[in-house]
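# Summary of the model geometry
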Amino acid sequence: MIRTLLARAGLVATAACAATLLTAAPAAAHGADAPDGTDYRTRATGVTPARPGLEVRVVEAGARLELTNHTGRPIEVIGYSGEPYLRIGPDGVFENSRSPATYLNRTLAGDTALPADADPAAAPSWRRIADGSTVRWHDQRALWQESAPPDAVRAAPDREHRVRDWTVPLRDGADPARIDGTLDWVPPPDTYTWWAVTIVGLLAVGALGLLAAASPAGSRALSALGALLIVGGAIAVVYPVGREVDAGARGVGGVLIGLLSGQVWSLLTGLGAIAAGCYALARRPGADFVVALGGACLALLAGTGNAAVFARSIAPVPWPPEAARVMVAALLITGAGATAAGILRLHATSRAAAAALTQPR
C-alpha cells in the first residue's frame, strides 16, 4: 500500500513538472506575452493637456499601456509614423488595419511581420476590436527594446537610471494631445540571497518528515505541515489575483475571467493545497501522501512559475516587489518542504511496515 502511494506520488510529481513546462505561459491570460518580471520601470505621468474623463495607466509590469476614454468623444492613439492607430470612443474600440503599429504592437518584442497593405500613408481602415471604452496595447515608445541595457546602466548597474522620458501622441478631434511617461532602470535584487533563503527554508520544513510519524512530535509535525499548506495555498490564490489586477482587470468579474481563462492552474493549485492542508490537520488516512502531492503541485505550478521575481526588480503585481519575492519564497519553501517531508514520512512508514512483516510471530 505504502509503496503504491510512493509510486503514485512520483508519477504525479512528474506529471506536474511536465504540466509546468507545457503551460509555461499561463500569464498569457492577461496578455499574449506578459512578463514575469523586468528591470525597467515604466510610469505614465498623465495626459497633456489634461482631458477630464481620459485616464491612462501602465499595466502588466510596464508591458502595456491602458487608456480609458470617458470624454464622450472619440480619441485616437497615433502610431509610429504619425498615422491613426487606435480609436476609442462611445461606439467602442477600433484599430486601423493599415497602421504598422497594429501589427508591431501585437507582441512585446514588436517582431510581427507587416502585411502588404500596412501603409501609414493610406487612409485608415477601422476595424472594431472591442466594446467599451478601454484599450490596452504594447507601445515601443514606453519600452526598452534592445537586448543590451543602456550605456549608463552598463557603466553603473547598481544604481537607478532614468533611461528616457517618453510620449505617445493622441488626437482629440483636431486637437493634439499626448501621454507622458518615464522609463527607468532599477537594479535587480540579489538573486543568490533569495534562493539561499528559500533552500534553507525548504530544508527546515522538509526536516519535519524526519520525526517519527507515530510519535507525538510526528503528529504535531503533520499538523504543522497542514497549516503551512493552507498558508501556501492562500498565497497561491492571492498571487495570481494580484497579477490580474496589475494586468488591468477591473472588479471581481474581470479578475475571475482572467483567472479562469489563463491562470486556472495556479488557482486550482492554491485551492488544492488548502484542501490538502485541511486533510492533514484532520489526520485522515493517507495524509502523508496528500501532503507530498499538494506540496509538489504548489512548488511546481505556483512557485517555480513565478520565481523570476527573484532576479527582477519589478514584479507583475500591485504590491512592492519585496512582498512578491517573500510570497514566492513562501510558496517554494512550503511546497518543496512539504513534498520532502511527506515523502520522508511515507518512506519511514513503508520501512516500518516491511520490518513488521519480517519479524517472527
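For the structure itself, look to the data block above.
Residues numbered from 1 in each chain as written. Predicted model: local features only at pLDDT ≥ 70, side-chain atom pairs only at ≥ 80, totals over all residues. Heavy atoms only, no water.

## Some details on the pattern of salt bridges
Counting across every chain of the model gives 21 salt bridges. Salt-bridge contacts for E160 lead to R41; the nearest nitrogen and oxygen are separated by 2.5 Å. Residue E160 is found in the loop between α3 (151-155) and β9 (161-172), and its partner R41 is found in strand β1 (residues 40-48); the two are separated by 119 residues along the sequence. Judged by relative accessible area, E160 falls into the partly exposed class, the value being 44%. In this structure, the salt-bridge partner of E66 is R250, at a minimum N-O distance of 2.7 Å. (Salt bridge = Lys/Arg side-chain N within 4 Å of Asp/Glu carboxyl O. Helix = DSSP H or I, 4+ residues; strand = E, 2+ residues; numbered from the N terminus. Buried < 20%, exposed > 50% of the residue type's maximum accessible area, 1.4 Å probe, protein only.)

## Looking at a nonpolar patch on the surface
A grouping of W195, I199 and L203 is seen on the molecular surface, where their side chains present a nonpolar patch of about 290 Å² in accessible area. Checked against the element boundaries, I199 lands in helix α4 (residues 191-206). With relative accessibility at 43%, the residue I199 sits in the partly exposed group. (Patch = residues over 30% accessible without salt bridge, like charges linked within 9 Å, V, L, I, M, F, W, Y side chains within 5 Å. Areas by Shrake-Rupley, 256 points an atom, 1.4 Å probe, with all protein chains shown as cover.)

## Some words on the side chain of N306
Position of N306 among the secondary structure elements: in the loop between α8 (287-303) and α9 (321-358). Aside from chain neighbours lying at most four places away, what touches N306 is Y239, R243 and V328. (Contact = heavy atoms within 4.5 Å.)

## Notes on the packing of helix α5 (residues 216-246) against helix α7 (residues 264-281)
Their axes nearest at 7 Å, the elements α5 and α7 cross at an angle of 160°. Here α5 lies roughly antiparallel to α7, going by the angle between them. Here α5 and α7 pass one another in a crossing that is left-handed. Packed against α5, whose contacting residues are L222, S223, G226, A227, L229, I230, G233, A234, A236, V237 and P240, the element α7 presents S266, L267, G270, L271, A273, I274, A276, G277, C278, A280 and L281 at the interface. For the contact of α5 with α7, the residue count by class is 16 nonpolar, six polar and no charged. (Axes fitted to C-alpha atoms, helices over the stretch in contact; angles between N-to-C directions. Parallel < 35°, antiparallel > 145°, perpendicular 65-115°, else oblique. Left-handed = near helix turned anticlockwise from the far one by under 90°. Nonpolar A, V, L, I, M, F, W, Y, C, P; charged D, E, K, R; others polar.)

## With respect to α7
Counted at 1.5 Å a residue, the expected span for α7 with its 18 residues is 26 Å, and the 26 Å between its end C-alpha atoms agrees. Elements in contact with the buried residues of α7: α5, α6 (251-262) and α8. (Expected span 1.5 Å × (residues − 1).)

## Notes on the pairing of strand β8 (residues 134-137)
Side-chain alternation along β8 places V135 and W137 on a buried face and T134 and R136 on a face that remains uncovered. Relative to β8, strand β3 (residues 64-69) runs antiparallel, the two being bridged by four bridges. Bridge pairing in β8 places E66 opposite R136. (Pairing = 2+ DSSP bridges.)

In short, the description is geometric, and any link to function would need to be established separately.
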